[in-house]
Amino acid sequence: MNQYLISIYQPDGGVPQPEVLEPIMRDVEAVNAELREAGAWVFAGGLFPPSTATVLRLEDSEVLTTDGPYVEGKEHLGGFTVIRAADLDEALAWGAKMARAITLPIEVRPLQPGSCP
């Protein structure tokens, strides 16, 4: 089985109102439960806002530290799930379920072998 990263991109801004967020989180947990039941779930995590990021960059043999995200944009990586799937088609099917649940852009990308437990 190959492993795939399902990345969730969300718009910058505040957390949606509970009446918007609660049904989405319920749908996401249903997909996560389905992933676990299928033996496809490896791990997942949500991220704090991009304002909490710190970027480390090597410049002239010194590591510079900068507050904030690496790239400025209108969207940011908000969370991710790592799954096991037989092939890209199966991973895309899981990504499609996640896109329906979250209603935000989803990126599916294979992980290189040996990069994850």
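Quick look at the structure, then. (Residues numbered from 1 in each chain as written. Predicted model: local features only at pLDDT ≥ 70, side-chain atom pairs only at ≥ 80, totals over all residues. Heavy atoms only, no water.)

This part takes up the pairing of strand 4 (residues 62–67). Sparse coverage of strand 4 is indicated by the burial of 0 of its 6 residues. Relative to strand 4, strand 3 (residues 54–59) runs antiparallel, the two sharing 6 bridges. Across the sheet, residue L58 finds its bridge partner in strand 4, namely V63. If you look at the hairpin formed by strand 3 and strand 4, you'll find 2 residues sitting between the two strands, and D60 has a positive phi there, around 55 degrees. (Buried < 20%, exposed > 50% of the residue type's maximum accessible area, 1.4 Å probe, protein only. Helix = DSSP H or I, 4+ residues; strand = E, 2+ residues; numbered from the N terminus. Pairing = 2+ DSSP bridges.)

Turning next to the side chain of H76. Examined against the element boundaries, H76 turns out to sit in strand 5 (residues 75–85). Here D12 takes part through its side chain, which lies 2.6 Å from a polar atom of the side chain of H76. The residues contacting H76, other than those within four sequence positions of it, are I8, Y9, Q10, P11, D12 and P50. (Polar contact = N/O pair within 3.5 Å; in protein donor to acceptor, adjacent residues only side chain to side chain. Contact = heavy atoms within 4.5 Å.)

With antiparallel pairing, 4 strands are arranged side by side in an open sheet as 2-5-1-6. In the strand order of this sheet, the two ends are held by strand 2 (41–46) and strand 6 (106–110), each with one partner. Going from strand to strand, the sheet's axes swing by 20 degrees on average, the running direction of each strand aside. Two elements, strand 1 (residues 2–11) and strand 5, share 10 bridges in a ladder whose sense is antiparallel. Considered in strand 5, the bridge of L5 is made with V82. (Axes fitted to C-alpha atoms, helices over the stretch in contact; angles between N-to-C directions.)

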